[in-house]
Amino acid sequence: MRTVEIDEGSGFCFGVVNAIQSAEKELTIDKELYCLGDIVHNSQEVARLQKKGLRTINHEDLKNMHNKRVLLRAHGEPPSTYEIAEKNSIRIIDATCPVVLQLQKKILKQYKEMNPIDSQIVIFGKSGHAEVNGLVGQTDGKAIVIEKITDLNLLDFNKNIYLFSQTTMSVDDFKEIVAEIQMRIHKNVNFRYFDTICRQVANRIPHIREFAARHDLILFVAGKKSSNGKVLLAECIKANANTHLISNPDDINPQWLKNVQSVGVCGATSTPKWLMEEVARKYDK
Ligand code: SF4
């Protein structure tokens, strides 16, 4: 008989729980509620909240809206979003994760203290990701975003460097970036780095590696846009090559289950528990 286990450590982090609880609470007050961007990188959870009334809008929609209630999700927003809301009499329900909020403040403080002529703020993260846009916005758009080691060519190693990280990046990759900058930076300038990676993701890595290694097959449930999903999926694959990314139970290829005795179901910080339970129920036979 096949066994199916759901990873206890997978599922929403407190930042996502907080955003979803805020949305559900506001929807009980009034059914007309807008969210700037998908509330979470998971289309099933977005659809569940849509049924309750939550509508997703983009930044263009926001500019054309007046006198509405708009929820800001855990990723956070740049100052320009708050300015538009004020101008358009939009009531903001701010569900920015406290960890992201702290990071925004840190970057803003550094930006105000430094001279842009001889210093640069660098953000290790995914260019265009909502959280990164919010971080870059603290620097009037001047921060340099690097996604990988080769992007370091964008930096001027004769100027001071202040390095921060998007909250969901890999700690090992961040260390590699730090080591490379230390090697290349001119000796007469400063290099300061701030490990601003959220431990809600990083602390899950040792556990998810061990979980993935003790099953024959791993079904990793996550939306394709989830940044932390990519990091955690990569760790699962390292520990167990028989790992598959799925977004819902219908994505499973029955061939994967051939000769499989134990199935592990896990996911990202944006994966709802109920969805992992649906996956497990379908294949717990
Ligand atoms: S991963 Fe961390 S920073 Fe991101 S929403 Fe969750 S708790 Fe907040």
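Before any of the text, the structure's been laid out above.
Before going into details, it helps to say that this report is about the structure given with it. Quantities reported herein were computed from a predicted structural model and do not represent experimental measurements.

### Some words on the site of the ligand
Lining the immediate surroundings of the ligand are Cys 13, Phe 14, Gly 15, Ala 74, Cys 97, Val 99, Val 100, Thr 167, Cys 198, Gln 200 and Val 201. Broken down by secondary-structure element, the contributors of at least two residues to the shell around the ligand are α1 (14-29), α5 (98-113) and α8 (199-202). Considered class by class, the residues forming the shell around the ligand number 8 nonpolar, 3 polar and no charged. Each of domain 2 (14-97) and domain 3 (99-197) accounts for three or more of the residues forming the shell around the ligand.

### Focus on unusual backbone geometry
Most of the time, phi is negative for any residue but glycine, and the peptide bond is trans. The phi torsion at Asn 67 lies on the positive side, around 55°, for a residue other than glycine. With respect to the secondary-structure elements, Asn 67 resides in the loop between α3 (59-63) and β4 (69-72).

### Details of the sheet that holds strand β1 (residues 3-6)
Sheet strands pair via backbone hydrogen bonds, and the direction of the pair is either parallel or antiparallel. Within the open sheet, the 4 strands sit side by side as β1-β12-β10-β11. Their pairing is parallel. The open sheet has two edge strands with one neighbour each: β1 and β11 (243-246). Adjacent strand axes in the sheet meet at a mean angle of 20°, parallel and antiparallel pairs treated alike. Bridging between strand β10 (residues 217-221) and β11 involves 4 bridges; their strand directions are parallel. From the neighbouring strand, Phe 220 faces β11, where its bridge partner is Leu 245. Packing against the sheet, helix α9 (residues 204-213) makes contact with β1, β10 and β12 (262-267), and its axis sits at approximately 155° to β12. In this fold helix α10 (residues 227-239) packs onto β10, β11 and β12, with an angle of close to 175° to the strand it touches most, β10.

### Things to note about the nonpolar core
Counting 20 residues, the largest nonpolar core has Ile 146, Leu 155, Ile 161, Leu 163 and Ile 181 as its most contacted members. At the level of secondary structure, the elements contributing two or more residues to this core comprise β6 (119-124), β7 (144-146), β8 (160-165) and α7 (171-184). Per-element accounting of this core gives the leading share, 5 residues, to α7. For Ile 161, the contacting residues outside a window of four places in its chain are Gln 120, Val 122, Leu 155, Asp 156, Ile 181, Ile 185, Asn 190, Phe 191 and Arg 192. Grouped together as the second largest cluster of nonpolar side chains are 16 residues, Cys 13, Val 46, Leu 49 and Ala 95 included.

### Observations regarding the packing of α1 against helix α2 (residues 43-52)
Look at α1 against α2: their axes get within 10 Å of each other, and the N-to-C directions meet at 15°. Our classification of the angle between α1 and α2 gives roughly parallel. Along this stretch, α1 crosses α2, giving a crossing that reads as left-handed. Only Glu 45, Arg 48, Leu 49 and Lys 52 of α2 make contact with α1, whose side of the interface consists of Ile 20, Glu 24 and Leu 27. Residue composition of the contact of α1 with α2, grouped by class: 3 nonpolar, no polar and 4 charged.

### Let's talk about the pattern of salt bridges
Applying the stated criterion across every chain yields a total of 17 salt bridges. For Arg 48, the salt bridge is made with Glu 24, and the minimal N-O distance between the two is 3.1 Å. On the criterion of sequence distance, the pair formed by Arg 48 in helix α2 and Glu 24 in helix α1 is long-range, its members being 24 residues apart. The class of Arg 48 is partly exposed, set by a relative accessible area of 26%. Between Lys 109 and Glu 113 there is a salt bridge, with its nearest N and O atoms 3.1 Å apart. Separated by 4 residues within a single helix, Lys 109 and Glu 113 lie in helix α5, roughly one turn from each other. When sorted by exposure, Lys 109 lands in the same class as Glu 113, which is exposed. Residues joined by salt bridges that share partners form a network here, namely Glu 24, Glu 45, Arg 48 and Lys 52.

Definitions and limits used
- Residues numbered from 1 in each chain as written.
- Predicted model: local features only at pLDDT ≥ 70, side-chain atom pairs only at ≥ 80, totals over all residues.
- Heavy atoms only, no water.
- Near = heavy atom within 4 Å.
- Helix = DSSP H or I, 4+ residues; strand = E, 2+ residues; numbered from the N terminus.
- Nonpolar A, V, L, I, M, F, W, Y, C, P; charged D, E, K, R; others polar.
- Domains from an automatic or database assignment.
- Pairing = 2+ DSSP bridges.
- Axes fitted to C-alpha atoms, helices over the stretch in contact; angles between N-to-C directions.
- Contact = heavy atoms within 4.5 Å.
- Core = buried A, V, L, I, M, F, W, Y, C linked by side-chain atoms within 4.5 Å.
- Buried < 20%, exposed > 50% of the residue type's maximum accessible area, 1.4 Å probe, protein only.
- Parallel < 35°, antiparallel > 145°, perpendicular 65-115°, else oblique.
- Left-handed = near helix turned anticlockwise from the far one by under 90°.
- Salt bridge = Lys/Arg side-chain N within 4 Å of Asp/Glu carboxyl O.

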